[in-house]
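Okay, here's what each chain looks like letter by letter:
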Amino acid sequence: MMAALFPKRRSSAESEEEMLLAGDGPDLISSLDPRTCCRGAERRARGGARERERLAAHESLDYLPPHSEAYKKWLQKTPRRSDWDRWLMMGLIGTVVGTFGFLTHQIIDYIFKIKWEFVETYIQSGNFHMTWIFILGTGLGMIAVSSGLVVFFCPSGSPSGLPEVIGFLNGASIPHIFNVKTFFGTFISCVLAVASGLFCGPEGPMIHLGAIIGCGLSQFKSDTLGFRLPFFTRFRNSADKRKFVTAGAGAGIASVFRAPVGGLLFTMEEVASFWDFKLAWQTFFCCLMAAFTTDLLSSSFSGFVYRGHFGFFKAENRILFWIKTLLDMSVLAFIPTIIIGTLGGLLGALFVYINIHINKSRMRLFNMIQSEILKKASKLCEALLIVVVTLTITVYLPYFFPCTPVMNETNLQFETQPEQSYNTSATQQFQREISEYNCPSGSSWVGTDGVVHSNQTFNQAAALLVENGKRGIMLLFKRGTHEEFGYASLFTALTFYFLISCWTAGTAVASGLVIPMLYTGALYGRIVGRVLVSMFGVQTDEYGAWIDPGLFAAIGAASFFSGVTRLTISLSVIMVEITNDVQSILLIMVAVMVAKTIGDWFNKSLYSSLLTLKCIPYLDSEPNVVHSNKEVNLELFTARDVMKPCVRVLHLQEAVSSLASLLVTTSHSGFPVVYEPKPDHDDVFLGTITRLELCMLLGNEQIFHTQDNRESVCCAPVLTYQEIMVEKLPDVPRMTRLLKRYSTDPQYQHLFINLEPYINKSAVAVQAHFSLQRTYLLFRTLGLRHLTVVDLHNRAVGILTRKDLMSFQLEEKLGLQLDSGLLDSDEEPLD
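First, a word on scope: everything that follows refers to the structure included in this document. The structure displayed is predicted, hence computed values, not measured ones.

### Describing the overall build of the protein
Check the secondary structure of the protein and you find 34 helices and 20 strands. Split into buried and exposed, the 831 residues of the protein put 57% on the buried side. Contacts spanning at least 24 positions in sequence make up 78% of the contacts within the protein whose residues lie at least 6 apart. Here the protein has roughly 34,300 Å² of accessible surface; of this, 61% comes from carbon and sulfur atoms.

Written as C-alpha cells, this is what we have:
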C-alpha cells in the first residue's frame, strides 16, 4: 500500500544533487514532506506532488536584496534613475494581457457559435440523437486536446494555476508555472475546455496567463527557448519579478472582466502577500492598459471580422453583463438579501467541501496507479467522462421541458433592435434560435396600440443549459422578466450546474470557476425573486419595482462567489463593473458580507483549501491555530516556543572544506553569521547568508585565501553584487562536483573565504521572548525567508522559517505545551 501511495524515488545521483543544491528551505514547495505537512489520508494523497515538484536548483525568493558591502558598492556605482522603464514595462504587460484576453473571448464565442450552427437543422427537425452525436463528438475532440495538453505537455496548467500563483507571491518556489510551455498549453487548453461545453470559465487560467506574461516580459529571457535579450536587465531579480507577476495577475482579471479597479483590488485582497503604494499605482496602470486593450479590440472585431466603429466603446460590448434598467431600492429589500447571503455562505461552504473531497479522492486514486502512462491516461479519461455527462445532460434534458410562450417581445432578452449593429443582431438571432430549441417557430407583429405582440415560444431549460454560461447569466440578470423562468427549470439547472461544476473543478483541463460561481448564485437568487413574485405579484409601481427576480439573481451571484472565495471588497467592485448596477451596491455588499461570515463558520475559502491540498507552503494573513476545538491566542507564546534550536552558524572567516561539508550534510537555505566583538567574548549575531550565495562564492576560487596570511585577506578580490546575486545556479553539475572535491580534498582545509562583504547585515532578528503573534505578522509582512532568534546577549539561539510558522506546525508544537500546562517558556533574567 505504501508503495502505491508514494511514487518511486529518483535515481541516487539525482537525489544527491538535489540535496546538495536545492535545500529544503522554507520557500520550496518540495520541502514540505506530505508525511508531515498534513494528516491522515490528506497527507498520503500528496505523496506524488512531492517528487513532481522537486527543484534541481535553488531559486532566490527574497523580496528585498541583501544589504551587504557588495550591494552598497553596486549602489554607489549605479546612478539614480527614474522608473520610466518600469512604467513602460507595466504598460507593455497590460497591453499583451489585454490582447490575449480579447483572443480568449473571441475564440470561445466563435467556436461555440459555429458548433451549434451545425446542429441547427437537427434541432429544428427534432433529431436530438444526431444533435447529441455531433455536439458530443466535437466536445470529446476538444477535451482530448485540452486535457492532453495539461496531462502530457504542461502539468503546471492544471486546473487554473491560481493557487500556484498565490503560493509563489506568498514566498513559495513552484517549478514550471511561468515557462513558455505552460503559457501556450494553458491558453489552448482553456479555450478548448470552455468552448467544448464544460461548466467552467476562462477566468482562473487568464489570471495565470497574465502572471506568466508579467514574468516573461519583465525578464526578457527564456530558459526553455534558451535566449537572454539585453533589455531590461535590471529587472532580473526576485523582487522585481514578483512585482510584475502581481501586476500581470491583476491585468488578467481586468481583461477577462473588463474591470480594471476590480483587478487591482482582487490582487490586493487575494493574490499578493507583499504590497506597497508604489506597486499599487503601477498595478493599477497595468490593469487599465489591459482593460483598455480588450475594450479597444472588442469594439470593432467579432468573429475575427472587422465590423467598423474602431475605438467606439459600446456598453453592450464593454460591460460583461450589462444591466440596462436600474431599480430604486427599498429598505425591505435587505430582508431577502440577507436570506440570499445566508444561502450563498451555506452553499459556498458546501461547494468547497465537496470539491476538496472530490480532489482528495482523485489524488488518492491516481497515486495508487504505479505506471506513469496509465496515471496520465486515467486523468485524460476522467476529463472525457465529465464532458460526456455534461453534454448529454445539456442536449437531452431540455427535451423534457415544455415550450413557454413569450409574453412580450419587448421584454425578451434576445430581441433585436434596428439601431443595433449587424454583429449584435446576428448574434441575438442565433441565440434566439438556440433558446427556441424544439419549440415551433413563431412570429411577431405590431398591434394597433403600438405594442409588439408575439406568438413565439422558447424552451426555458435550453435557454439556461444549452447556451454558454455567460449568456445564461445575462438572461438571469435581465430586469423586467419576472415570470420568464419557472421553478422547475431554475431548480433543475441549479442542481446539475452545482454538482457538475463541483466535479469539473480540479480535473485535468485548464479551467476557471468564476462563471459557474456566478451562474449558480444567479440561479438560486432568481428562485428567491420568483418566490417574492409569487407572494406579492408583479409590481409595476416605483415603490415595489425592486421585487424583480433579475435583481436578486445578481445579488445571488455575488453571494455565492463570496461564499466560495470569501472575497469582499474586490468582489463588490467587480460586480458593479461587470453589471453597471451601481444602484444595488449596498445590497451586494450586505450579501457578500453575510455569505463570507456564514462560510467562514464551516471551512476556509476554496483557494486556501486548494493551497493546503496541494501542499503549497502558504502563510495566511492571520494565523489560525486550533487546539481542542478552541482557537489559540499566539500572544501567549514566544518565538522560542516554535523556533529550531541548535542553529548552524557561520563565522566571518570560514574554511572552504567546512563550507562545502556544511552544504553537503545539511539542506538549510540560509545560515546566521556570527562574530566575536572582543577577545574571549561570546559570538554575537551579525547577519545572514543564503545557500545560493555560498554556492556562488565557492564557485570562484580566486577569492580563497590562507588563514595565516593577513595580506591575502586584505588583498583578496571581492566579487561584485551581480556575480553573487543570481536567481538560480548557472551550472548545477559543476557545483556538485566542486562541493564533493572541496569536502574531500585536504588542501581545502587550509583555504578560507572572507564572508564579511557578502553578509546581509540588515537581516531581521527577534529576541527569544518576542511575541509569537507579532513574529508571525513580521515574517509575513516583510516577506522574509529566515528570521533569526537571539537571546538577550544577541547570541543566535534559533531560527524560524516558513515551515515553522505554518498552522499545522504551530498546532503540533504549541499543542504539546498546552497539554502539559506550560503556556509560556521561562523568561531569561534581565540582569
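That shown, we press on.
### Some thoughts on the sheet that holds strand β11 (residues 644–645)
Spatially, the four strands line up as an open sheet ordered β11-β20-β19-β18, and their pairing is mixed. Where the open sheet ends on each side, the last strands, each with one partner, are β11 and β18 (765–767).

### Examining unusual backbone geometry
Excluding glycine, residues mostly carry a negative phi; peptide bonds, for their part, are mostly trans. We note that Asn 580 has phi near 65 degrees; this positive angle belongs to a residue other than glycine. With respect to the helices and strands, Asn 580 occurs in the loop between α25 (569–579) and α26 (585–600). Residue class for Asn 580 comes out partly exposed when judged on its relative accessible area of 34%. One non-glycine residue, Ser 628, lies in the positive phi region at around 55 degrees. A relative accessible area of 57% places Ser 628 in the exposed class.

### Here's the deal with the side chain of Glu 654
Checked against the element boundaries, Glu 654 lands in strand β13 (residues 653–655). For the buried Glu 654, no salt bridge is present, and the opposite-charge side chain at shortest range is Arg 648, 8.6 Å distant. Contacts of Glu 654, omitting those with residues within four sequence positions, involve Leu 659, Leu 751, Phe 752, Ile 753 and Leu 755.

### A look at α26
With 16 residues, α26 should reach 22 Å at 1.5 Å per residue; the first-to-last C-alpha distance of 22 Å fits that figure. Looking only at α26, the buried set comprises Leu 587, Ile 588, Ala 591, Val 592, Val 594, Ala 595, Ile 598 and Gly 599.

### What to know about the pairing of strand β15 (residues 684–690)
Counting buried positions along β15 yields six of seven residues, so the element is predominantly enclosed. Across six bridges, strand β14 (residues 670–675) lies against β15 in antiparallel orientation. Following the sheet pairing, Tyr 675 is matched in β15 by Val 684.

Conventions adopted
Residues numbered from 1 in each chain as written. Predicted model: local features only at pLDDT ≥ 70, side-chain atom pairs only at ≥ 80, totals over all residues. Heavy atoms only, no water. Helix = DSSP H or I, 4+ residues; strand = E, 2+ residues; numbered from the N terminus. Buried < 20%, exposed > 50% of the residue type's maximum accessible area, 1.4 Å probe, protein only. Contact = heavy atoms within 4.5 Å. Areas by Shrake-Rupley, 256 points an atom, 1.4 Å probe, with all protein chains shown as cover. Pairing = 2+ DSSP bridges. Lys, Arg positive; Asp, Glu negative; His and termini not counted. Salt bridge = Lys/Arg side-chain N within 4 Å of Asp/Glu carboxyl O. Expected span 1.5 Å × (residues − 1).

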